[in-house]
Every structure is written in structure tokens, then in C-alpha cells.
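Structural features, examined
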Amino acid sequence: QVQLVESGGGLVQTGGSLRLSCSSSARAFSTYTMAWFRQAPGKEREFVAALLWAGGNIDYAESVKGRFTISKDNAKNTVYLEMNTLKPEDTAVYYCAAARLGNRPRSLDEYDFWGQGTQVTVSS
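Residues numbered from 1 in each chain as written. Predicted model: local features only at pLDDT ≥ 70, side-chain atom pairs only at ≥ 80, totals over all residues. Heavy atoms only, no water.

Let us look at the packing of aromatic side chains. All told, the structure shown has five aromatic pairs when counted by the stated rule. Summarising the aromatic geometry, the rings of Phe37 and Tyr111 are spaced 5.2 Å apart at their centres and angled 75° between planes, so their arrangement reads as edge-to-face. Highlighted residues: Phe37 in strand E4 (residues 33-39) and Tyr111 in the loop between strand E9 (92-99) and strand E10 (113-114), separated in sequence by 74 residues. Its relative accessible area of 6% is what places Tyr111 among the buried residues. An aromatic cluster of at least three residues, connected via ring pairs, comprises Phe37, Phe47, Tyr111 and Trp114. (Phe/Tyr/Trp six-rings, centres within 6.5 Å; stacked < 30°, edge-to-face > 60°. Helix = DSSP H or I, 4+ residues; strand = E, 2+ residues; numbered from the N terminus. Buried < 20%, exposed > 50% of the residue type's maximum accessible area, 1.4 Å probe, protein only.)

Judged by how many residues are buried, strand E3 (residues 18-24) sits mostly within the fold: five of seven residues are covered. Taken together, the four bridges between strand E1 (residues 4-7) and E3 define a ladder with antiparallel strand orientation. Considered in E3, the bridge of Glu6 is made with Cys22. Of the strand pairs in this sheet, E3 and strand E8 (residues 78-83) are connected by six bridges, and their pairing is antiparallel. Paired with Leu20 across the strands is Leu81, a residue of E8. (Pairing = 2+ DSSP bridges.)

Here strand E5 (residues 46-51) lies mainly inside the structure; five of its six residues are buried. Summarising the sheet, E4 and E5 pair through five bridges and their orientation is antiparallel. Paired with Ala35 across the strands is Ala50, a residue of E5. Counted between consecutive antiparallel strands, the loop separating E4 from E5 contains six residues, among which Gly42 sits at a positive phi close to 75°.

Right, let's talk about the pattern of salt bridges for a bit. Opposite charge on two side chains allows them to pair when their charged atoms are near. Across all of its chains, the model carries seven salt bridges by this definition. Linking Arg67 and Asp90 is a salt bridge whose minimum nitrogen-to-oxygen distance equals 2.7 Å. Residue Arg67 is found in the loop between strand E6 (58-60) and strand E7 (68-73), and its partner Asp90 is found in the loop between E8 and E9; the two are separated by 23 residues along the sequence. Of the residues examined, Asp90 reaches a relative accessible area of 0% and is grouped as buried. As a salt-bridge pair, Arg104 and Glu110 come within 3.0 Å of each other at their nearest N and O atoms. The partly exposed category is assigned to Arg104, whose relative accessible area is 46%. (Salt bridge = Lys/Arg side-chain N within 4 Å of Asp/Glu carboxyl O.)

The next point concerns the nonpolar core. Residues Met34, Trp36, Leu81, Met83 and Tyr94 are the most contacted members of the largest nonpolar core, which totals 39 residues. Counting residues per element, the ones that place at least two in this core are E3, E4, E5, E7, E8, E9 and strand E11 (118-123). For this core, the element with the highest residue contribution is E9, accounting for six residues. Leave out the neighbours within four places in its chain, and Met34 touches Leu4, Cys22, Phe29, Ala49, Ala50, Leu51, Ile70, Val79, Cys96, Ala97 and Ala98. (Core = buried A, V, L, I, M, F, W, Y, C linked by side-chain atoms within 4.5 Å. Contact = heavy atoms within 4.5 Å.)

Moving on, we come to the side chain of Thr118. Residue position: Thr118 is located in strand E11. The exposure class assigned to Thr118 is buried, which follows from its relative accessible area of 10%. With residues near it in sequence (within four places) discarded, Thr118 still touches Glu6, Ser7, Gly8, Gly9, Leu20, Ala92, Val93 and Tyr94.

By themselves, these figures tell us nothing about what the structure is for.
In C-alpha cells form, the structure reads like this:
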């Protein structure tokens, strides 16, 4: 029932920034663990960042730590991914995900709902 819609992807040069948004239809959005994953062509979907509802803890993949920031606005039912100092290796389709529990925030299997993805391309 929960629908997630990503937006904000695009083409940027190395070192540039983008802010991705994920709008959710969840009625109890604030109780969900929200996350961003990404998938490059021919590769597995990989964890990027998660915001756990319990305690407000945030988890980042080592590859994006210090460059990306995940946040959410409960009033708008929206989660964001601010991406700075982008690198060509960040090029991928970025997916928003929502988990009812979020006990394993880095695991694909933890998430119950997924968005359609938004393309991020970083040129050199």
C-alpha cells in the first residue's frame, strides 16, 4: 500500500551536488525506517544510507560517509539524500526504501517498500 516516489536525480559534474527526494504515502511515515540504496548497471543494489526511526540513528555506507546526508521531514512525508562532492563512482539509479522495523538497515531484505528509482549520473 505504501508508495514511494523518488525525484531529484540528474547529470552533474564531478564535485557537484544533488538532493534527492522521496515522497511517501505512508500514513505513519515517522515510524518507518527509511533508506537509500543505489544500483549501477550490471551491479547489485547496494546500501547507501538509512535513517532509523528508533532513536533517530543514522547509518551510512563507508563510501559515502562525510559526503552524503540523509534526512526526513515527517510533516511532508519525505526523506532526502543530500549528495555532495559527487564522484563518477556515485553514478547509479538511486532507490528509496521503507521498512516497518529496520532492525537490519543495511540489508535489502529488511525493506518492505521501494520506489521506482531516480538516475544520478556524475560525469568526469
